Amino acid sequence: MRPLPNDDFAPAPWPVTTGMNILVVGVGGQGVLMISKAIALMAQRRGFAVKQSEVHGMAKRGGIVFSHVRFAEEVWSPTIAKGEADMLVALEWAEALRWLDHLRPGRGVFIADTRQIVPPFACRSRKAGAASAYARETPAEIVGRHADGCALDATGIATALGDARAANTVLLGRLSVWLDYPVAEWHEVIDAIVPKGTREINRKAFDAGRAWTAPAPDEDDAAAPAVAAPMPDLHISVAIDPAWCKGCTICVKLCPERCLAMEGPVAVVATPAACTGCRVCEWLCPDFAVTVKNEGVPA
Amino acid sequence: MLDAAPSRSFDPKDYLRLQYMPHFMCPGCGHGIALHALLAAVHDCGIAKDDLAVVCGIGCSGRVGGYIDANTFHTTHGRPLAFATGLKLARPDLTVVVVTGDGDCLAIGGNHLIHAARRNLDLTCLMLNNEVYGMTGGQASPTTAATRFTSTTQSGAIEPTFDACALAAAAGASFVGREVTRQAPALKTLIARALRHPGFSFVEVMSDCTEIYGRKNDLGEAPEMILSQKADMRPDSHRDATDQPFRPHALPTGVFVERDLPEYGARLRAHAAAIRKEAGR
Ligand code: SF4
Ligand code: SF4
């Protein structure tokens, strides 16, 4: 077995021809496994031994998915240890940060989509526009400081091409800059694994990713993930007409934020600031006594 | 008209006869929620109030129409579908909605229901099912569930109940759906689909009678009753869900039937025209 490049040696020039450890991460439904398949297939065609292992079981739409792809003349372990990945391909920004420590220090290549998929548990408040607990690090803080590589809005690029689902292929195209095999061969690999009807868009996405260039520094900020997703300026208010309220308590007991309370025979708004404008009370009041104003979000 | 996009946001007060509000229904009555959903659906479909006719029978459900600021028609017990049939044939330009109850529609008016469904005239029939005759003192209706207490089943009901949706579908209705009042936005969407459907649309709304039925059967206050709807239902989209065995009696909701059948009004007019032509008139 020929050993894989090791930190103790001087950095090897890209592309590495002896073998590589590539970690592909993202969340369910993004196509992590499709990228790993493409890399594995390409490595096989090049005569390498390939091992690939993945965790995707809990990931049906939105959970974590990661896949280790290792190829060399001979590969023993199917997983990549911390600090031994030559490349990290991340389809989601927070996942990119989570797996950063798996990159080979100082030499690993980082390729990430800057799109945020905010997981439900990062939403600390149900109030529209509230800041989430999503990672605050921006691409500018990561790329070039902690790792070499690039962060691009692959989802945006794929959307512009006509299908946001091709974002993974955009990143594959980006990766091909380092894993520099002939483009025609990459296209063949893509054709072999994507559904027939999506070959065209996937080829286009691959080429777009490969041709991507970093924006000028002043535009860089635009590519940075916003700390809090921009929300429309909301004007939320809830009011109860005591003349129409019959005191059935439906609104009081069903308001998810417990904004309303009984005051004698009728319901009143106790904590208006807590109202998220969800309209549960308005829909379920049998007496048309509740009016919720929630401008900026469709009714 | 039906496809016109709503021009501004919905305010139920634009569709209510404000001089009669607040309405007569008991605190927590599900019929008020159904009325709200109906008005929102009418708004969504962009139907002008002058182009809407609401025909009601007798009972708590029968009083719902009177609060709508449109052409409304309070008819005899069980016969709103018959009145609506005449109205729609005479005025095909109107959108005719029938609001009826479980007793009105399935017992007294059971015959009218099956024949209206069979003819497939373009009507929307909203059956508010609260499992009881509320207005007349809480007698058992054709949908009163087994073991439930009412003033005519003092030791608990033993009769099997009607599945109104299956009945309407079997009789030939071209659109059949069911929703609970707890899911008011989904109910609105369902009613809007029924309004847009050309042909006889039957929508069963599972509503709560809090004061008469809920109290007598110890089903809790209005919030408890409406919350229990959620545990009792099984959206059609979850038909094959794995949790189904754990809720074997859960109520299916959603759209059950949506089919393209010849509409009776158009057929009748074509038929009449052909006969007139033959007679040389
Ligand atoms: S809209 Fe109504 S139910 Fe929703 S949070 Fe506000 S008060 Fe509560
Ligand atoms: S749901 Fe309506 S009638 Fe019932 S307590 Fe609330 S405001 Fe009053």
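Because the structure is a prediction, the values reported are computed rather than measured.

## Here we look at the overall build of chain B
Helix and strand counts for chain B come out as 10 helices and 10 strands. Contacts in chain B between residues far apart in sequence, at least 24 positions, make up 70% of those at least 6 positions apart. Here chain B displays about 12500 Å² of accessible surface, and carbon together with sulfur accounts for 54% of that area.

## Regarding the site of ligand 2
Close to ligand 2 lie 13 residues; C245(A), C248(A), T249(A), C251(A) and C285(A) are nearest. Looking at the shell around ligand 2, its residues break down into 9 nonpolar, 2 polar and 2 charged.

## So, unusual backbone geometry
Here the bond from M21(B) into P22(B) is cis, since omega is -5°, no more than 30 degrees from zero. Residue position: P22(B) is located in the segment before helix 1 (30-44). The phi torsion at R279(A) lies on the positive side, around 75°, for a residue other than glycine. Looking at where R279(A) falls in the secondary structure, it is placed in the loop between strand 9 (266-269) and helix 10 (280-284). Residues other than glycine seldom take positive phi values, yet T147(B) does so here, at roughly 75°. With respect to the helices and strands, the residue T147(B) is situated in the loop between strand 6 (139-140) and helix 6 (164-171). The exposure class of T147(B) is exposed, given its relative accessible area of 55%.

## Observations concerning the confidence of the model for chain A
A low pLDDT means the predicted coordinates there should not be read in detail. Residues and elements named next belong to chain A. Chain-level statistics for chain A give a pLDDT mean of 83 and a share of 83% at 70 or above. Here helix 8 (residues 217-223) is the element of chain A with the lowest mean pLDDT, 52, and helix 10 is the one with the highest, 95. Within the model, the stretch residues 1-15 combines pLDDT values under 50 with 29 contacts to residues more than four positions away or in other chains.

## Here's the deal with the packing of aromatic side chains
Residue and element names in this part refer to chain A. What the rule picks out here adds up to 6 aromatic pairs over all chains. Between F66 and W99 the ring centres are 4.6 Å apart and the planes differ by 50°, which places this aromatic pair in the tilted class. Of this pair, F66 sits in strand 3 (residues 64-72) while W99 sits in the loop between helix 2 (93-98) and strand 5 (109-113); the two residues are 33 residues apart in sequence, bridging distant segments of the chain. Grouping residues by exposure puts F66 and W99 together as buried.

## Examining the interface of chain A and chain B
Counting from both sides, the interface comprises 16 residues of chain A and, opposite them, 30 residues of chain B. Summing both sides of the interface, chain A and chain B together bury roughly 1900 Å²; the carbon and sulfur share of this comes to 73%. A per-residue breakdown of the area chain A buries against chain B is headed by W244(A), W283(A) and F288(A), which together make up 42% of the total. On the surface where chain A and chain B come into contact, there are 1 salt bridge. Among the salt bridges present, the one from E224(B) reaches K253(A), with a minimum N-O distance of 3.5 Å. Run the count over chain A and chain B and you get 5 residue pairs in polar contact (both at pLDDT 80 or more). Those elements giving two or more residues to the side of chain A that touches chain B turn out to be helix 9 (250-254) and helix 10 of chain A.

## What to know about the environment of L23(A)
All names here are of chain A. Along the chain, the position of L23 falls in strand 1 (residues 19-27). By relative accessible area, which is 0% here, L23 ends up buried. In this structure, L23 is in contact with S67, H68, I80, A85, M87, L88, V89, W99 and H102, ignoring residues within four places of it in sequence.

## With respect to the pairing of strand 8 (residues 260-263) of chain A
Residue and element names in this part refer to chain A. Sheet topology places strand 8 next to strand 9; 4 bridges connect them, and they run antiparallel. Bridge pairing links A261 to V268 in strand 9. Hairpin connection of strand 8 to strand 9: 2 residues between the antiparallel strands, including G264 at a positive phi of 65°.

## Concerning the nonpolar core
One finds L260(A) and V99(B) to be the most contacted residues of the largest nonpolar core, which totals 52 residues. With residues near it in sequence (within four places) discarded, L260(A) still touches V238(A), I240(A), C251(A), V252(A), C255(A), V268(A), V269(A), A270(A) and C281(A). Counting 41 residues, the second largest nonpolar core, distinct from the first, contains V65(A), M87(A), L91(A) and V109(A).

## Concerning the pairing of strand 4 (residues 87-90) of chain A
For a regular strand, side chains alternate in direction, first toward one face of the sheet and then toward the other. Residue and element names in this part refer to chain A. Of the two faces of strand 4, the one holding M87 and V89 and the one holding L88 and A90 are both buried throughout. Direction of pairing for strand 1 relative to strand 4: parallel, over a ladder of 4 bridges. Bridged to V25 within strand 4 is A90. The pairing of strand 4 with strand 5 spans 4 bridges and is parallel. Paired with M87 across the strands is V109, a residue of strand 5. For the crossover from strand 4 across helix 2 to strand 5, the handedness is right-handed.

So, how was this worked out
- Residues numbered from 1 in each chain as written.
- Chains lettered and ligands numbered in written order.
- Predicted model: local features only at pLDDT ≥ 70, side-chain atom pairs only at ≥ 80, totals over all residues.
- Heavy atoms only, no water.
- Helix = DSSP H or I, 4+ residues; strand = E, 2+ residues; numbered from the N terminus.
- Contact = heavy atoms within 4.5 Å.
- Areas by Shrake-Rupley, 256 points an atom, 1.4 Å probe, with all protein chains shown as cover.
- Near = heavy atom within 4 Å.
- Nonpolar A, V, L, I, M, F, W, Y, C, P; charged D, E, K, R; others polar.
- Buried < 20%, exposed > 50% of the residue type's maximum accessible area, 1.4 Å probe, protein only.
- pLDDT = per-residue confidence, 0-100.
- Phe/Tyr/Trp six-rings, centres within 6.5 Å; stacked < 30°, edge-to-face > 60°.
- Buried area = accessible area lost by both parts, 1.4 Å probe.
- Salt bridge = Lys/Arg side-chain N within 4 Å of Asp/Glu carboxyl O.
- Polar contact = N/O pair within 3.5 Å; in protein donor to acceptor, adjacent residues only side chain to side chain.
- Pairing = 2+ DSSP bridges.
- Core = buried A, V, L, I, M, F, W, Y, C linked by side-chain atoms within 4.5 Å.
- Right-handed = clockwise from strand over helix to strand, strands pointing away.

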